[in-house]
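# Analysis of the macromolecular model
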Amino acid sequence: MLDARGTAEISRAEVIRHETRIPSEVWADQRQQVESPWDRHRRYDAPRAELRDFRPEPAGLPATSPEDAARHVKEHRDERPWLTAVDKACPEASRIIASADAGDGHAHIRHEGWVTEERLMRRAAYLEDPAQLDPVKRANGIDGLSVNDRRHFCADMATRIADPDAFATAFARGIEHPKVRAAIDRPFDPEARAEISIPIADILGTDGYKYCTGWQLESVAGDQDAARANRKSWALAKAADRQPEVPEPRTSPVPTFEGGTISYVVSPKQSADGYEVKSMYPNPRDEGAR
Amino acid sequence: MTAFYYWEQHPDGPFATLINVATSYCHPETDYDAYDALKRRAKRESDPEMDVFKSELRAAIQDPSQLPGNELSRNVQYDDGSPEAFLRRLWRDLYGDEPVEA
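Residues numbered from 1 in each chain as written. Chains lettered and ligands numbered in written order. Predicted model: local features only at pLDDT ≥ 70, side-chain atom pairs only at ≥ 80, totals over all residues.

Attention shifts here to the overall build of chain A. In terms of regular secondary structure, chain A is built from twelve helices and six strands. For 290 residues, the compact-globule estimate of 2.2 N^0.38 gives 19 Å, and chain A sits close to it at 19 Å. With respect to the three principal axes, the spread of C-alpha positions in chain A is 55 × 50 × 45 Å. Burial status across chain A gives 48% buried among its 290 residues. (Helix = DSSP H or I, 4+ residues; strand = E, 2+ residues; numbered from the N terminus. Rg over C-alpha atoms; globule rule 2.2 N^0.38 Å. Buried ≥ 20, exposed ≤ 12 C-beta atoms within 10 Å, placed from the backbone.)

Residues and elements named next belong to chain A. The three strands are arranged β2-β5-β6 in an open sheet whose pairing can be described as antiparallel. Since the sheet does not close on itself, it has two edges, and those belong to β2 (194-199) and β6 (275-283), each with one partner. Each strand of the sheet is rotated relative to its neighbour by a mean of 25°, with strand direction disregarded. In the packing of helix α10 (residues 178-185) onto the sheet, contacts are made with β2, β5 (261-268) and β6, and the angle to β2 comes to roughly 165°. (Pairing = 2+ DSSP bridges. Axes fitted to C-alpha atoms, helices over the stretch in contact; angles between N-to-C directions. Contact = placed C-beta atoms within 7 Å.)

Let us look at the packing of helix α4 (residues 66-76) of chain A against helix α5 (residues 91-101) of chain A. All names here are of chain A. α5 packs onto α4 with a crossing angle of 65° between their chain directions and a minimal axis gap of 9 Å. By the criterion of interaxial angle, the relationship of α4 to α5 is roughly perpendicular. Pair α4 / α5 crosses with left-handed handedness. For the pair α4 and α5, contact is made by P66, A69, H72 and V73 and by P91, S94, R95, A98, S99 and D101, respectively. For the contact of α4 with α5, the per-class residue count stands at five nonpolar, three polar and two charged. (Parallel < 35°, antiparallel > 145°, perpendicular 65-115°, else oblique. Left-handed = near helix turned anticlockwise from the far one by under 90°. Nonpolar A, V, L, I, M, F, W, Y, C, P; charged D, E, K, R; others polar.)

Overall, the prediction assigns chain B a mean pLDDT of 96, with 99% of residues at 70 or greater. For this predicted complex, the interface confidence score (ipTM) comes to 0.96, while the overall pTM stands at 0.94. (pLDDT = per-residue confidence, 0-100.)

The end-to-end C-alpha separation of helix α12 (residues 224-239) of chain A is 22 Å, in line with the 22 Å expected for 16 residues at 1.5 Å each. Looking only at α12(A), the buried set comprises D225(A), A227(A), R228(A), N230(A), R231(A), K232(A), W234(A) and A235(A). Tucked inside the fold, the buried residues of α12(A) contact α7 (117-126) and β3 (212-217) of chain A together with α5 (71-76) of chain B. Downstream of α12(A) by a residue or two, D241(A) has a phi angle that is positive, lying close to 60°. (Expected span 1.5 Å × (residues − 1).)

Interface extent is often summarised as the accessible area lost during association of the parts. Taken together, the contact between chain A and chain B spans 29 residues of the former and 26 residues of the latter. If you list the elements that add at least two residues to the side of chain A that touches chain B, you get β2, α12, β5 and β6 of chain A.

Bringing the nonpolar core into the picture now. Judged by nonpolar contacts, the single largest core of 69 residues is most densely connected at I96(A), I97(A), A124(A), A168(A), A170(A) and F171(A). Sorting elements by how many residues they give to this core places helix α9 (residues 164-176) of chain A first, with seven residues. Other than its neighbours up to four places away in sequence, A168(A) contacts L51(A), A89(A), A93(A), I96(A) and I97(A). If you look at the next biggest cluster of nonpolar residues, it comprises 27 residues, including F15(B), L18(B), A60(B) and L90(B). (Core = buried A, V, L, I, M, F, W, Y, C linked by C-beta atoms within 7 Å.)

This next bit is on the environment of S24(B). Relative to the assigned elements, S24(B) resides in helix α2 (residues 16-26). Among all residues touching S24(B), those that are not within four sequence positions of it are R193(A), A194(A), E195(A) and T30(B).

Below, the structure written as structure tokens:
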């Protein structure tokens, strides 16, 4: 068996001794690895020189030097645990993730590798928000980023770019893409919104899909509308400590992101003086696309 | 062309504006203020895109079978249980008691 970097032989006993994941996390990782091309030890070869040139300001984010980024992570990592993503990132990607954290967006909070496979699966299945740090509220489906304990809401798929360097590359390149730039640079309208998709291959290269993972809510008798409605009903019943009247939602890994896209969600900044990318997440290929 | 959204795949397709606007303001990944922003846009006196949206919303409510496949569901990701329920909610929230029939 190889070590985490894939360079040295280690014994099974050593693997167990160094295992920090709980059994349910191991199960979710294993299932994802068996059913998709993802390998949790594979690292993305980041274009570090390109990432070094990333400028946060055109992305609607505050200027962030490498020193600013290191300070931000050091000061906030306890209350913003998604910043632990930088522990596995190259310095250039760390700066981009810290820059994103200084903005209003949630891409790095719900769609980056700090969200484990288990958390991703539970978001798609039970509407548990990985951004919610209170475990009781998370189990009760309370959103972690909104005010007033609003209920969390999720598409029938929860996805992430699992590698922090790949995530930072997708963020930096996406913001420079002409389609996303057009949405960010248009005249400011506080009510305007835009969702744009760009092929994963254009952003992360032909193997970029291997760094994306996701869990798909299984349909009810072939009906995704019914699956989402049942999931909502199930989660509401559980939160109210009632017996659900619908079956427990089921999910399965997205088989592959090959031929897929990355969505960029552009919305006004809270400061109401421009736009920023509020969310970014991968989608598998739309099989219905012609 | 590799694109995820219906209106990117079919910019001139039926109900492209309805699905685009509904996705941009109602999808779970958009910001928390987006639905209220859509309500404010619906009240504007001059907003050509919203005029098309309203017209397509009206047509979709009157005959949901005209919607392209499952594109409304796939793009918007509503949890109302059916396109009809989602469209009716949208109309009620944006246009109140105004009759759907023009």
